[in-house]
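Close look at the chain arrangement
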Amino acid sequence: MTDFPIHAEIKVDSKVIADVAEALEPFADAMFRNRQGRWMAIVELAHVERTEPGPEEEKFPSVKVRVTGIEVAADEFTDERLRQQQQDLYRRRTSDGTLDAVDAA
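The paragraphs below set out a description of the structure included in this document. (Residues numbered from 1 in each chain as written. Predicted model: local features only at pLDDT ≥ 70, side-chain atom pairs only at ≥ 80, totals over all residues. Heavy atoms only, no water.)

Now for the layout of surface pockets. The calculated volume of the largest pocket comes to roughly 240 Å³. Lining the largest pocket we find Trp39, Met40, Ala41, Ile42, Val43, Leu82, Gln85, Gln86, Leu89, Tyr90 and Arg93. Elements supplying a minimum of two residues to the lining of the largest pocket: strand 2 (41–51) and helix 3 (76–94). The leading source of residues in the lining of the largest pocket is helix 3, at six residues. Considering only residue class, the lining of the largest pocket consists of eight nonpolar, two polar and one charged. When its volume is computed, the second largest pocket comes out at roughly 180 Å³. Along the walls of the second largest pocket sit Ile6, Ala8, His47, Arg50, Thr51, Glu52, Pro53, Pro61, Ser62 and Val63, which together make up its complete lining. Those elements giving two or more residues to the lining of the second largest pocket turn out to be strand 2 and strand 3 (62–72). Looking at the lining of the second largest pocket element by element, the count peaks at three residues for strand 2. Here the lining of the second largest pocket is composed, by residue class, of five nonpolar, three polar and two charged. (1 Å grid on protein atoms, 1.4 Å probe; cavity = no way out; pocket = protein on both sides within 12 Å on 5 of 7 lines; lining within 4 Å. Points joined across faces, edges and corners; volume = space filled by probe spheres on them. Helix = DSSP H or I, 4+ residues; strand = E, 2+ residues; numbered from the N terminus. Nonpolar A, V, L, I, M, F, W, Y, C, P; charged D, E, K, R; others polar.)

Here it is in structure tokens:
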């Protein structure tokens with residue numbers, strides 16, 4: 001079986017499960033006060049729903065995901081470490097065909 005591109009759209013489910021709400025609760029006041037704030041976090045996503053349009057529909061297929069786990073950086077040191085990890089993951093994801101490619105070594 002050959003994998004082929006589907007061009008599915010991503011939708012994020014707005015339902016906040018109890019564990020996620022509990023992890024975010026300590027940051028709620030700061031998030032409320034700081035309208036332009038940003039918070040680094042490690043997030044776990046789960047597949048919630050898959051939509052496949054019919055042959056005559058002019059829609060893309062879509063997949064809905066929900067945040068099922070989250071841990072927010074609670075200090076500047078952890079924030080900076082997560083930002084570095086995010087940059088490393090981005091570099092790895094976008095390195096195909098470049099000198100930074102994983103298989104280039």
